[in-house]
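The primary structure of each chain is shown beneath.
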Amino acid sequence: SKAFIDTQSQPIRLNMADVVTEAEAPALNLPKPAMMDEGIFKFNKILIDSVYNIICFFYPVTGEKRDFARFYVLETVARVPYFAYLSVMHLRETFGERGLGESMRTHYAEADNELHHLLIMESLGGNENGIDRTLAQTMAFFYYWYVTVLYFFNEPAAYHLSELIEDHAFDTYNGFLTEYKEKL
């Protein structure tokens with residue numbers, strides 16, 4: 001069986017063979033997925049890839065303790081979208097929109113999950129250097145405002161950012177585990 005990707009909710013990682021195409025959705029009585037503006041899609045990709053490449057440049061994975069600084073930066077940034085989503089949802093709820101409770105609980109749980117990742121990286125010494133902390137927090141600050149504005153106007157595009165970041169995080173951790181598993 002195939003899964004339909006609802007671009008209005010948090011993205012998940014699927015095998016492409018399990019994805020229902022837009023053309024297949026009507027035959028299965030599924031709603032047509034929301035389409036993202038190609039310009040925003042490309043901008044998101046360029047933005048996230050550029051930030052990731054900067055992180056890779058300053059924090060190459062070497063199998064040493066310094067790798068945890070890179071992971072700390074990634075985890076600090078990775079939790080930002082959930083705060084942005086919650087901020088927008090709280091604002092919408094304040095203005096009378098109801099029915100956001102389940103989504104809010106989900107995003108809170110996701111933020112809590114990312115917090116645990118961050119705490120692990122801190123316990124491994126990833127935040128020992130003040131420059132690393134400052135870089136991570138500065139990136140998080142600006143990223144928060146970008147995601148907040150984007151989520152307010154275009155939820156699928158904001159979720160797309162999270163998908164891109166999670167893909168890079170997966171690649172980073174998978175590469176580390178593959179290359180340096182004997183050190184763990």
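The present account deals with the structure reproduced in this document.

How each quantity is defined
Residues numbered from 1 in each chain as written. Predicted model: local features only at pLDDT ≥ 70, side-chain atom pairs only at ≥ 80, totals over all residues. Heavy atoms only, no water. Core = buried A, V, L, I, M, F, W, Y, C linked by side-chain atoms within 4.5 Å. Buried < 20%, exposed > 50% of the residue type's maximum accessible area, 1.4 Å probe, protein only. Helix = DSSP H or I, 4+ residues; strand = E, 2+ residues; numbered from the N terminus. Contact = heavy atoms within 4.5 Å. Salt bridge = Lys/Arg side-chain N within 4 Å of Asp/Glu carboxyl O. Patch = residues over 30% accessible without salt bridge, like charges linked within 9 Å, V, L, I, M, F, W, Y side chains within 5 Å. Areas by Shrake-Rupley, 256 points an atom, 1.4 Å probe, with all protein chains shown as cover. Expected span 1.5 Å × (residues − 1). Axes fitted to C-alpha atoms, helices over the stretch in contact; angles between N-to-C directions. Parallel < 35°, antiparallel > 145°, perpendicular 65-115°, else oblique. Left-handed = near helix turned anticlockwise from the far one by under 90°. Nonpolar A, V, L, I, M, F, W, Y, C, P; charged D, E, K, R; others polar. Phe/Tyr/Trp six-rings, centres within 6.5 Å; stacked < 30°, edge-to-face > 60°. Arc of directions from axis to C-beta. Polar contact = N/O pair within 3.5 Å; in protein donor to acceptor, adjacent residues only side chain to side chain.

## A look at the nonpolar core
Ranked by size, the top nonpolar core spans 40 residues in total, and within it Val73, Tyr85, Met89, Tyr143, Val147 and Tyr151 carry the most contacts. Elements with a minimum of two residues in this core: α1 (38-58), α2 (67-78), α3 (80-94), α4 (101-123), α5 (130-153) and α6 (155-180). Once you skip the residues sitting within four places of it in the chain, Val73 turns out to touch Ile55, Tyr59, Asp132, Ala136 and Met139.

## As for the pattern of salt bridges
In this structure the tally under the stated criterion is six salt bridges. Salt-bridge contacts for Asp49 lead to Lys45; the nearest nitrogen and oxygen are separated by 2.8 Å. Linking Asp49 with Lys45, this pair stays in helix α1, spanning four residues, or about one helical turn. Taking the relative accessible area as the measure of exposure, Lys45 reaches 35% and is therefore partly exposed. In this structure, the salt-bridge partner of Glu128 is Lys65, at a minimum N-O distance of 3.2 Å. Of this pair, Glu128 sits in the loop between α4 and α5 while Lys65 sits in the loop between α1 and α2, placing them 63 residues apart in sequence. Of the residues examined, Lys65 reaches a relative accessible area of 49% and is grouped as partly exposed.

## Some remarks on a nonpolar patch on the surface
On the surface, a nonpolar cluster with roughly 570 Å² of combined accessible area is contributed by Leu91, Phe95, Val149, Phe152 and Phe153. A per-element tally of the nonpolar patch places α5 first, with three residues. Note that Val149 resides in helix α5.

## Description of α2
Between its first and last C-alpha, α2 extends 16 Å over 12 residues, near the 16 Å set by a 1.5 Å rise per residue. With 12 of 12 residues buried, α2 is to be regarded as a mostly interior element. Taken as a whole, α2 has its buried residues at Asp67, Phe68, Ala69, Arg70, Phe71, Tyr72, Val73, Leu74, Glu75, Thr76, Val77 and Ala78. Of the surrounding elements, those touching the buried residues of α2 are α1, α3, α4, α5 and α6.

## Some words on the packing of α2 against α6
At their nearest, the axes of α2 and α6 sit 11 Å apart, and the two run at 160° to each other. Comparing their axes, α6 and α2 come out roughly antiparallel. As α2 packs across α6, the resulting crossing turns out to be left-handed. Where α2 approaches α6, its residues Asp67, Arg70, Phe71, Leu74, Glu75, Val77 and Ala78 are matched on the opposing element by Ile165, Glu166, Thr172, Tyr173 and Phe176. Of the residues that constitute the contact of α2 with α6, the class distribution is seven nonpolar, one polar and four charged.

## Some details on the packing of aromatic side chains
Applying the stated criterion across every chain yields a total of 14 aromatic pairs. Between Phe68 and Phe71, the ring centres sit 5.9 Å apart and the planes meet at 75°, which makes this aromatic pair edge-to-face. Taken together, the residues span about one helical turn, with Phe68 and Phe71 both in helix α2 at a distance of three residues. Ring pairing ties together the aromatic residues Phe68, Phe71, Tyr173, Phe176 and Tyr180, which thus form one cluster.

## Brief notes about α1
End to end, α1 covers 30 Å across 21 residues, agreeing with the expected 30 Å (1.5 Å per residue, within 8%). Among the residues of α1, Asn44, Ile48, Asp49, Tyr52 and Ile55 are the ones counted as buried. Seen end-on, α1 carries its buried residues on one side only, within an arc spanning 120°. Opposite its buried face, α1 presents the exposed residues Glu38, Ile46, Phe57 and Phe58, each directed more than 90 degrees away. Tucked inside the fold, the buried residues of α1 contact α2, α5 and α6. Capping the start of α1 is the job of one residue whose side-chain oxygen sits 3.0 Å from the backbone nitrogen of Gly39: Asp37.

Everything listed is a geometric property; what it means functionally is a separate question.
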